[in-house]
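Coordinates in review
One-letter residues, chain by chain:
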Amino acid sequence: MLPLFLPLAALFAGAAIYLAGHGLLTVIVPVRLAILNAPVVAVGLVGDGYYFGLMVGALWCPVFIRRVGHVRSFAGFAALLDALSLAPALVPDPRA
């Protein structure tokens, strides 16, 4: 049974690391905003904006994938995710 799952170990490890990072990001951003003394409404709007973007992305991604292909879409979205994950550290302002 082990030889069956061994090739998938890298996939599962990558998914686990991604999910752990995503979970940390959704916790750290509101905590960071609270440390910066942002208003509670701003913290809520940042959280709403995240899930609004998730919804818009879910609706828009199939169109984008059909237009440019799976590989380019994955590379572009991965680069965008990396850049936007680093943005709160570079610009410590709720409006950003």
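The sections below set out a description of the structure shown in this document.

Cut-offs and rules
Residues numbered from 1 in each chain as written. Predicted model: local features only at pLDDT ≥ 70, side-chain atom pairs only at ≥ 80, totals over all residues. Heavy atoms only, no water. Helix = DSSP H or I, 4+ residues; strand = E, 2+ residues; numbered from the N terminus. Expected span 1.5 Å × (residues − 1). Bend = angle between axes of the 7 residues up to and from the residue. Phe/Tyr/Trp six-rings, centres within 6.5 Å; stacked < 30°, edge-to-face > 60°. Buried < 20%, exposed > 50% of the residue type's maximum accessible area, 1.4 Å probe, protein only.

1. Concerning helix α3 (residues 40-68)
Helix length check: α3 (29 residues) gives 40 Å between terminal C-alpha atoms against 42 Å at 1.5 Å per residue, within 8%. Residue Trp 60 marks the point of greatest curvature in α3, where the axis turns by about 40°; the proline Pro 62 follows within four residues. Within two residues after α3, Gly 69 carries a phi angle of roughly 100°, on the positive side.

2. As for the packing of aromatic side chains
Inspection of every chain in the model, using the stated rule, returns 4 aromatic pairs. Here Trp 60 and Phe 77 contribute two aromatic rings whose centre-to-centre distance is 6.5 Å and whose plane-to-plane angle is 70°, an arrangement assigned as edge-to-face. With Trp 60 in helix α3 and Phe 77 in helix α4 (residues 70-90), this pair connects stretches of sequence that are 17 residues apart. For Phe 77, a relative accessible area of 26% translates into the label partly exposed. Ring centres of Phe 64 and Phe 77 lie 5.2 Å apart, and the angle between their planes is 45°; this geometry places the pair in the tilted category. With a gap of 13 residues between them, Phe 64 in helix α3 and Phe 77 in helix α4 connect regions that are remote in the sequence. Judged by its relative accessible area of 24%, Phe 64 is partly exposed.

Any link to function would need more than the numbers given here.
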